Amino acid sequence: MKYLEEFQNPELARRLLDDIRATVTRPWALMEVCGGQTHTIIRHGIDQLLPDQIELIHGPGCPVCVTPLEMIDRALAIAARPEVIFCSFGDMLRVPGTDRDLFRVRGEGGDVRVVYSPLDALRIAQQNPDREVVFFGIGFETTAPPNAMTVYQAKKLGIRNFSLLVSHVRVPPAIEAIMQSPDCRVQGFLAAGHVCSVMGVEEYPALAERYRVPIVVTGFEPLDILEGIRRTVGQLERGEHTVHNAYPRAVRPEGNPAARAMLADVFEVTDRAWRGIGVIPRSGWRLSPRYRDHDAEYRFEVTGINACEPAQCRSGEVLQGLLKPHECEAFGTSCTPRTPLGATMVSSEGACAAYYLYRRLGVPAVPLEASPVG
């Protein structure tokens, strides 16, 4: 297929759905890991088109959503310093901390700037040698390589006033943590294709074997999602639990060797806290000792953080797949995109935002049968 629109073809979608209906004989619960996949599912009504036996559980695959509250509060404290230019992608500005967000810090006089690349922040550091420039580095394995490259360049060029506030997390340990939960109902995973395009698939076979769950790497278009579901259900019905790559146009088994080499040089694996979930061992990265001079956590001593989640917010249960967004009492009332209680409502990849956008405001799901595409 040459064009992205072809991966939204209604006729091909119907064939995949027919195949899924013909295959499934019992209830199965599948988790899509990525928030981008969640938005595709909800926008196109894929969960409503599937047979009743198949339940899709939304996983913790939104990087903004899983950034811990303590890290948000640390970012707010650093951004408020007069000597700091704090740079971030735009989707972080409205993520609520304990008592404010980055927009409010900017309104109170903090120099908070939206950038479109970490290299933009590095250029700002070059242009402002008398200021400390901090870039908020969040995300999964997909955003980690450009952040690592930027730190590498800062060290190579001797730009000493640039630092990275690191909150990077890794997907495979999160899958393991989900499977170890006593409340886990997940029987198969749709793995995030963009993560695997960087890291490859070598960490997944051991997980599939240990927990006896199929893991299918999928993309983000409707046909990608349906093909991933088809392959996962097929394995479950046959009693299999292997790793399939259903996204070969972007994912190679070994991933991207150059990106992986950069990550191995700049970062080291560490335990990380996930918002609403807790600490997951070896689930994140931090800067390695040789790049410690560019680590904002070490450069700026922030003390006295007393992070406190709103009592009404149940985003942690949403992130663990224990609760659908609309089942939260605050959804659409005290918690909306304008007044978010948690990051799952404000993030462009958050499950709560997807439900609010496509099913709360009178905007119906866009089922593939009705789509004009194709």
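Residues numbered from 1 in each chain as written. Predicted model: local features only at pLDDT ≥ 70, side-chain atom pairs only at ≥ 80, totals over all residues. Heavy atoms only, no water.

1. Here we look at the sheet that holds strand β4 (residues 111-114)
Let me state the cut-off plainly: A pair of strands is treated as paired once DSSP finds two or more bridges between them. Elements are defined by DSSP. Helices are runs of H or I of four residues or more, strands are runs of E of two residues or more, and each kind is numbered from the N terminus. The convention used is that axes are lines fitted to C-alpha atoms, helices contributing only their stretch in contact, and that angles between N-to-C directions extend from 0 to 180 degrees.
Pairing is mixed across the open sheet formed by six strands, whose spatial order is β4-β3-β5-β6-β11-β10. At either end of the open sheet lies a strand with only one pairing partner, and these are β4 and β10 (267-274). Geometrically, the sheet is characterised by an average inter-axis angle of 25° between neighbouring strands, direction not taken into account. Summarising the sheet, β10 and strand β11 (residues 278-287) pair through seven bridges and their orientation is antiparallel.

2. Considerations on the environment of Cys 87
This is how it is decided: Residue contacts follow a heavy-atom distance rule, with two residues in contact if any of their heavy atoms lie within 4.5 Å.
Mapped onto the secondary structure, Cys 87 falls in strand β3 (residues 84-88). Once the C-alpha coordinates of Cys 87 and Phe 162 are considered, the two residues, 75 residues apart in sequence, prove to be 11 Å apart. Other than its neighbours up to four places away in sequence, Cys 87 contacts Arg 113, Val 115, Ala 121, Ile 124, Val 133, Val 134, Phe 135 and Phe 136.

3. Focus: helix α9 (residues 171-180)
Here is the rule: When accessible area is computed with a 1.4 Å probe and restricted to protein chains, residues below 20% of their type maximum are described as buried, those above 50% as exposed, and intermediate ones as partly exposed.
Extensive coverage of α9 is indicated by the burial of seven of its 10 residues. Residues of α9 that are buried include every one of Val 171, Pro 172, Pro 173, Ala 174, Ile 175, Ile 178 and Met 179, and no others.

4. Let's talk about the pairing of β4
Put simply, the rule reads: If you view a crossover with the strands going away from you and the path from the first strand over the helix to the second runs clockwise, you call it right-handed.
Bridging between β3 and β4 involves four bridges; their strand directions are parallel. Bridge assignment links Ile 85 to a residue of β4, and that residue is Asp 111. Crossover β3 to β4 through helix α6 (residues 102-107) is right-handed.

5. Looking at the packing of helix α1 (residues 10-23) against helix α12 (residues 222-238)
The line we're drawing: The labels follow the angle: roughly parallel below 35 degrees, roughly antiparallel above 145, roughly perpendicular from 65 to 115, and oblique for the rest. Here a crossing is called left-handed whenever its near helix is offset anticlockwise from the far helix by less than a right angle, and right-handed whenever the offset is clockwise. Residue polarity follows a fixed list, in which Ala, Val, Leu, Ile, Met, Phe, Trp, Tyr, Cys and Pro are nonpolar, Asp, Glu, Lys and Arg are charged, and the others, Gly among them, are polar.
Running from N to C, α1 and α12 point in directions that differ by 15°, and their axes come no closer than 10 Å. Considering their axes alone, α1 and α12 lie roughly parallel with respect to each other. Seen from above, α1 lies across α12 with left-handed handedness. Taken together, the residues of α12 that come into contact with α1 (itself represented by Leu 12, Ala 13, Leu 16, Leu 17, Asp 19, Ile 20 and Thr 23) are Leu 223, Leu 226, Glu 227, Ile 229, Arg 230, Val 233, Gly 234 and Glu 237. Broken down by class, the residue content of the contact of α1 with α12 amounts to nine nonpolar, two polar and four charged.

6. Re the pattern of salt bridges
What counts, and what does not: Salt bridges are identified by distance alone: a Lys or Arg side-chain nitrogen within 4 Å of an Asp or Glu carboxyl oxygen.
Scanning the model with the defined rule gives 29 salt bridges in all. For Arg 100, the salt bridge identified is with Glu 108, shortest N-O distance 3.2 Å. Since its relative accessible area comes to 25%, Arg 100 is described here as partly exposed.

7. Regarding the packing of aromatic side chains
Two aromatic rings are characterised by how far apart their centres lie and by the angle between their planes. The condition that has to hold: Whether two aromatic rings pair depends on their centres lying within 6.5 Å, for rings of Phe, Tyr and Trp, where Trp uses its six-membered ring; planes under 30 degrees apart make the pair stacked, over 60 edge-to-face, and the rest tilted.
Per the counting criterion, the structure on display carries six aromatic pairs. Ring centres 5.4 Å apart and planes at 80° place the aromatic pair Phe 89 and Phe 135 in the edge-to-face group. Here Phe 89, found in the loop between β3 and α6, pairs with Phe 135, found in strand β5 (residues 132-139); they are 46 residues apart in sequence, far enough to count as distant. Under the relative-accessibility criterion, Phe 89 is labelled partly exposed at 25%.

8. Brief notes about the confidence of the model for the protein
If pLDDT is low for a region, its predicted coordinates should not be looked at in detail. Put simply, the rule reads: Values of pLDDT, the confidence the predictor places in each residue, fall between 0 and 100.
On average, the protein scores 92 in pLDDT, and the residues at 70 or more come to 95%. Every residue in residues 370-374 is under pLDDT 50, and counting partners more than four places away or in other chains gives seven contacts.

9. Some details on the side chain of Arg 131
To keep things clear, this is the line we draw: Polar contact is defined as a pair of N or O atoms within 3.5 Å, subject to the rule that within protein one atom must be able to donate a hydrogen and the other to accept it, and that residues adjacent in sequence are counted only when both atoms are side-chain atoms.
Looking at the element boundaries, Arg 131 is found in the loop between α7 (118-127) and β5. Of the polar contacts made by the side chain of Arg 131, one reaches the backbone oxygen of Glu 83; its length is 3.4 Å. Here Asp 111 takes part through its side chain, which lies 3.3 Å from a polar atom of the side chain of Arg 131. Arg 131 has contacts with Pro 82, Glu 83, Val 84, Ile 85, Asp 111 and Asn 161, leaving out every residue within four places of it along the chain.

10. Notes on the nonpolar core
Spelled out, the test is: Nonpolar core, defined: a set of buried Ala, Val, Leu, Ile, Met, Phe, Trp, Tyr and Cys residues in which side-chain atoms within 4.5 Å join the residues together.
Phe 86, Phe 136, Leu 165, Phe 189 and Tyr 204 are the most contacted members of the largest nonpolar core, which has 59 residues in total. Ranked by residues supplied to this core, first place goes to helix α5 (residues 69-79) with six residues. Dropping the residues within four chain positions of it, Phe 189 is found in contact with Met 31, Val 33, Ile 175, Ile 178, Met 179, Val 213, Pro 214, Ile 215, Val 216 and Thr 232. The next biggest cluster of nonpolar side chains, apart from the first, holds 37 residues, and it includes Ile 20, Ile 41, Leu 190 and Tyr 356.

11. Description of unusual backbone geometry
Backbone geometry at Arg 212 places phi at a positive 55°, although glycine is not the residue there. Located in the positive-phi region is Arg 282, a residue other than glycine, with phi close to 55°. Position of Arg 282 among the secondary structure elements: in strand β11.

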